[in-house]
Amino acid sequence: MNGTVVISGKAHFLRFTVNHLCCAEEAAGQPLHALMNGSFLGIRAILWCGLMDENISRETAGRWMQDYLSSQGTLKELSSLLAAAMEDAGFFQLPVKAG
């Protein structure tokens, strides 16, 4: 598990893999760094790929995103939560400098 997002009172476990993130890039037609720019399309693609283990559609991810925004948070907060989960999965970490 790389993170959790609570939507409408239910916890959903986010898991990010290289293949999941490739699916997000393919679905949105943009590289990951562009998806992280705060656009609805990008954030929906990343949320969808993080929830792929739940076998949901992109449209369902969009509805859940709307539920999140309507009831508890902002796009910026959701984007930060997703970024933290991706970092937990090993993406975006700074390289370790040799001694």
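Preceding this paragraph is the structure being described.
A quick note: this is a predicted structure, and the numbers were derived from the prediction, not measured.

A. Quick look at the nonpolar core. Ranked by internal contacts, the top residues of the largest apolar core, which has 26 residues, are Val5, Leu14, Phe16, Ile46, Leu47, Leu78 and Leu82. Contributing elements (two or more residues each) for this core: strand E1 (3-7), helix H1 (18-28), helix H2 (32-35), helix H3 (40-50), helix H4 (58-71) and helix H5 (75-88). Ranked by residues supplied to this core, first place goes to H3 with 6 residues. Beyond its immediate sequence surroundings of up to four residues, Phe16 is in contact with Asn2, Leu21, Ile46, Cys49, Gly50, Leu82, Ala85, Met86, Ala89 and Phe91.

B. Broad picture of the packing of aromatic side chains. Counting across every chain of the model gives 0 aromatic pairs. Over the ring of Trp48 we find Arg58; its NZ or CZ atom is 5.4 Å from the centre of that ring.

C. Just the side chain of His12, in detail. Within the fold, His12 resides in strand E2 (residues 10-14). Given the relative accessible area of 3%, His12 is considered buried. At 3.0 Å, the side chain of His12 forms a polar contact with the side chain of Glu54. Those residues in contact with His12 that sit more than four places away from it in its chain are Gly3, Thr4, Val5, Ile7, Leu51, Glu54 and Trp64.

Basis of the calculations
- Residues numbered from 1 in each chain as written.
- Predicted model: local features only at pLDDT ≥ 70, side-chain atom pairs only at ≥ 80, totals over all residues.
- Heavy atoms only, no water.
- Core = buried A, V, L, I, M, F, W, Y, C linked by side-chain atoms within 4.5 Å.
- Buried < 20%, exposed > 50% of the residue type's maximum accessible area, 1.4 Å probe, protein only.
- Helix = DSSP H or I, 4+ residues; strand = E, 2+ residues; numbered from the N terminus.
- Contact = heavy atoms within 4.5 Å.
- Phe/Tyr/Trp six-rings, centres within 6.5 Å; stacked < 30°, edge-to-face > 60°.
- Lys NZ or Arg CZ within 6 Å of the ring centre and 35° of its normal.
- Polar contact = N/O pair within 3.5 Å; in protein donor to acceptor, adjacent residues only side chain to side chain.

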